[in-house]
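So the chains spell out like this:
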Amino acid sequence: MSTPSNAPDIDNNRGPVAAVGGRRLPRRWLAAVVAVWAGFAFTSFASMAANYAAVWYVTETTGSPLALAVVYVCAFLPVGLLAPLGGVVADRFNRKTVIIVCDLFIAAMALVVGVAIAVGHVSFPLVLVMATACGVAQAFRTPSFNATMPLLVPEKHLLRVNALDNLLSSISMICAPALGIFLYTTLGFQAVMFVDVAGALLSVLAMLTASVPTIVAHDVASQSALQNVTSGWRELSAAKGLPVVVLCVVLGMMAYGPLDSILPLMVSSHFSGNGYMASLVTAVFGIGMLAGSAALMVRGGSTWLARIIAVAAIVVGLATMVAGMLPTGMFTVFVIAIGVMAMACAGFNGPLMTLMQKNVDEEKLGRVMGLLSAFMGLGIPLGTAIGGAVAQGIGVTSFFVADGAVILTLGAVLLLMPSVRALDARTNALAAAQPAADAADAEAVAAE
């Protein structure tokens, strides 16, 4: 008997392929995943190139750390303020439609800015408008994207796909700035903006080919925006141990944020390094992130996700402390420590995203992802500001040691918390129960 074209995809060993929560996936689930992820890749790479070109323009024209800080705030503050609303929108409307609208908005803004630059109206305020517009778009796009993947990806491959996102971020961190600067110096600032337009439009085309189910969250329309956000927090809190993991990761990212900004200063002031040495450290960090993300992808359906996050924090803390204790003649060891830190950093986002996607109801996942985006959007700039002030007071090397101790402590707390261990055990139990459900569905399909 032939299988109907709309039947679930069948794995000969396990039965129909299921997403998180047991949702049966269509036969062509992989095509939808590729389309959505390709859209994410197009717009992420192009936007990062444009953002780096904008930062370089501000650096060249103002030479002001304050001006760069203002650009940074304009890019992140909208995410922190609007992401909870973006999560509500993700749960109320088709998430594919939300992503497409955001990409069209990005393309329109980049086109306007590119034309303005081409006719000679480039200015610092224009860059601030562009940064703010991108922040607004990401506040709505990110929760929808993060809440879409669990609808399309088999449960056993979810960590791989989330690690793939980290892999793309690492590649973008290495390559996109180089592309942005190359276009900026050879063809002009406007060329980078037009690449941003092209990236966003390619994302729209990719998304149009994907079939994304519409999740009907019945409580969204009947509640106010504040009630919807509160509902998302209650859903997050319902999974015992998950709020602790999220809080520790947010605090860890706040503690880690300043390290990025003072890393070049550490190279120049402590190791008497030049621009080449600073770029070497940046490249090694990107390569380390690539290696860590690749390791997660190979491991695939890894269990004990909270434990991975805890161990990653401990390794990052130890590597940071070692980097701060090194004498001035041990730059090579410093580079190795940064590489180890970067590999461990890959153990945060992918496992956390997977843990949330497995433990949150799909109808409320958009709101929960919006809250996470808001925590990060507000926490990282705040942590960078506080950390910069502390580093100014105690010195860069001492800050590395102190900051590493904070991250190490957060990892130890996660590792020792009974509720976090219970969260891992519960998540693993849910995953272990899935093969039996798949086998029952396979028998039902065969009987048809």
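Computed from a predicted structure; not experimentally measured.

(A) Quick peek at the overall build of the protein chain. Looking only at helices and strands, the protein chain has 14 helices and two strands in total. The burial tally for the protein chain puts 52% of its 448 residues in the buried class. A fraction of 86% describes how many contacts in the protein chain between residues 6 or more apart in sequence connect residues 24 or more apart. Accessible surface, the protein chain as shown: approximately 18,900 Å² in total, 71% of it carbon and sulfur.

(B) How the structure looks around a nonpolar patch on the surface. A cluster of nonpolar side chains, contributed by Val-311, Val-315, Ile-336, Val-340, Leu-415 and Leu-416, occupies part of the molecular surface with about 480 Å² of accessible area. Secondary-structure elements contributing two or more residues to the nonpolar patch are helix H10 (305–325), helix H11 (331–359) and helix H13 (396–416). If you trace the backbone, Val-340 turns up in helix H11. For Val-340, a relative accessible area of 37% corresponds to the partly exposed category.

(C) Geometry of the packing of helix H1 (residues 29–62) against helix H4 (residues 124–152). At a minimum axis separation of 11 Å, H1 and H4 run at an interaxial angle of 160°. Taken as axis vectors, H1 and H4 run roughly antiparallel relative to one another. Where H1 crosses over H4, the two elements pack in a sense that is left-handed. Across the contact of H1 with H4, the residue classes tally to 16 nonpolar, four polar and one charged.

(D) Broad picture of the packing of aromatic side chains. Counted under the stated rule, the structure contains eight aromatic pairs. Both rings, one in Phe-40 and one in Phe-145, keep their centres 4.4 Å apart while their planes meet at 15°; by these two values the pair is stacked. Within this pair, whereas Phe-40 is found in helix H1, its partner Phe-145 is found in helix H4, the two being separated by 105 residues in sequence.

(E) Representation of the packing of H10 against H13 within the structure. Remark: H10 packs on H13, axes separated minimally by 7 Å, with the N-to-C direction vectors making an angle of 160°. Between H10 and H13, the angle falls in the class roughly antiparallel. The hand of the H10/H13 crossing is left-handed. Here the residues of the contact of H10 with H13 sort into 17 nonpolar, six polar and one charged.

(F) Main features of the side chain of Ser-47. Examined against the element boundaries, Ser-47 turns out to sit in helix H1. Here Thr-43 takes part through its backbone oxygen, which lies 2.8 Å from a polar atom of the side chain of Ser-47. Those residues within four positions of Ser-47 in sequence are excluded, and the remaining contacts are Ile-106 and Asp-196.

(G) Focus on helix H3 (residues 95–118). With 24 residues, H3 extends 34 Å from end C-alpha to end C-alpha; this agrees with the ideal 34 Å at 1.5 Å per step. The N-terminus of H3 is capped by Asn-94, whose side-chain oxygen sits 2.9 Å from the backbone nitrogen of Lys-96. Residue Gly-120 follows H3 closely and has a positive phi angle near 95°.

(H) Inspection of the confidence of the model for the protein chain at higher detail. In this model, the protein chain carries a mean pLDDT of 79, and residues with pLDDT of at least 70 account for 84%. Averaged over each element, pLDDT in the protein chain is lowest for strand S1 (residues 10–11) (42) and highest for H3 (93). A low-confidence stretch, residues 1–15 stays under pLDDT 50, and its non-local contacts, those more than four residues away or across chains, total 30 contacts. Counting interchain partners and residues more than four positions distant, the pLDDT-below-50 stretch residues 436–448 has 14 contacts.

(I) View of the nonpolar core. Ranked by size, the top nonpolar core spans 67 residues in total, and within it Leu-242, Val-245, Phe-334, Met-356 and Phe-400 carry the most contacts. Where this core is concerned, the elements lending two or more residues are helix H5 (158–186), helix H8 (242–270), helix H9 (275–299), H10, H11, helix H12 (365–394), H13 and helix H14 (418–447). When sequence neighbours within four positions are dropped, the list of residues in contact with Met-356 reads Leu-236, Leu-242, Val-246, Leu-365, Val-368, Met-369 and Leu-372. Residues Tyr-57, Ala-67, Cys-74 and Ala-107 belong to the second largest nonpolar core, which totals 30 residues.

(J) Quick peek at the pattern of salt bridges. For the coordinates displayed, the defined rule picks out three salt bridges. Between Asp-91 and Arg-95 there is a salt bridge, and its shortest N-O distance comes to 2.8 Å. Take Arg-95: its relative accessible area is 3%, and that puts it in the buried class. With its nearest N and O atoms 2.7 Å apart, the salt bridge here joins Arg-367 to Asp-91. In this pair, Arg-367 sits in helix H12 while Asp-91 sits in helix H2 (residues 65–92), placing the two residues 276 residues apart along the sequence. On the accessibility criterion, Arg-367 (1% relative accessible area) is buried. Overall, Asp-91 belongs to the buried group, its relative accessible area being 1%. Connected through shared salt-bridge partners, Asp-91, Arg-95 and Arg-367 make up one network.

(K) View of H12. Given a rise of 1.5 Å per residue, 30 residues ought to cover 44 Å, and the 42 Å separating the end C-alpha atoms of H12 matches this to within 8%. Just downstream of H12 lies Gly-395, where phi reads positive at about 100°.

(L) Summary view of the environment of Ser-169. Mapped onto the elements of the fold, Ser-169 is located in helix H5. The spatial distance from the C-alpha of Ser-169 to the C-alpha of Ser-44 is 8.0 Å, given a sequence separation of 125 residues.

(M) Looking closely at the environment of Lys-240. Its location among the elements puts Lys-240 in the loop between helix H7 (225–238) and H8. Through-space distance from the C-alpha of Lys-240 to that of Val-420 is 7.7 Å; in sequence the pair is 180 residues apart. Look past the residues within four positions of Lys-240 in its chain and what remains in contact with it is Ser-419, Leu-423 and Arg-426.

Calculation criteria
- Residues numbered from 1 in each chain as written.
- Predicted model: local features only at pLDDT ≥ 70, side-chain atom pairs only at ≥ 80, totals over all residues.
- Heavy atoms only, no water.
- Helix = DSSP H or I, 4+ residues; strand = E, 2+ residues; numbered from the N terminus.
- Buried < 20%, exposed > 50% of the residue type's maximum accessible area, 1.4 Å probe, protein only.
- Contact = heavy atoms within 4.5 Å.
- Areas by Shrake-Rupley, 256 points an atom, 1.4 Å probe, with all protein chains shown as cover.
- Patch = residues over 30% accessible without salt bridge, like charges linked within 9 Å, V, L, I, M, F, W, Y side chains within 5 Å.
- Salt bridge = Lys/Arg side-chain N within 4 Å of Asp/Glu carboxyl O.
- Axes fitted to C-alpha atoms, helices over the stretch in contact; angles between N-to-C directions.
- Parallel < 35°, antiparallel > 145°, perpendicular 65-115°, else oblique.
- Left-handed = near helix turned anticlockwise from the far one by under 90°.
- Nonpolar A, V, L, I, M, F, W, Y, C, P; charged D, E, K, R; others polar.
- Phe/Tyr/Trp six-rings, centres within 6.5 Å; stacked < 30°, edge-to-face > 60°.
- Polar contact = N/O pair within 3.5 Å; in protein donor to acceptor, adjacent residues only side chain to side chain.
- Expected span 1.5 Å × (residues − 1).
- pLDDT = per-residue confidence, 0-100.
- Core = buried A, V, L, I, M, F, W, Y, C linked by side-chain atoms within 4.5 Å.

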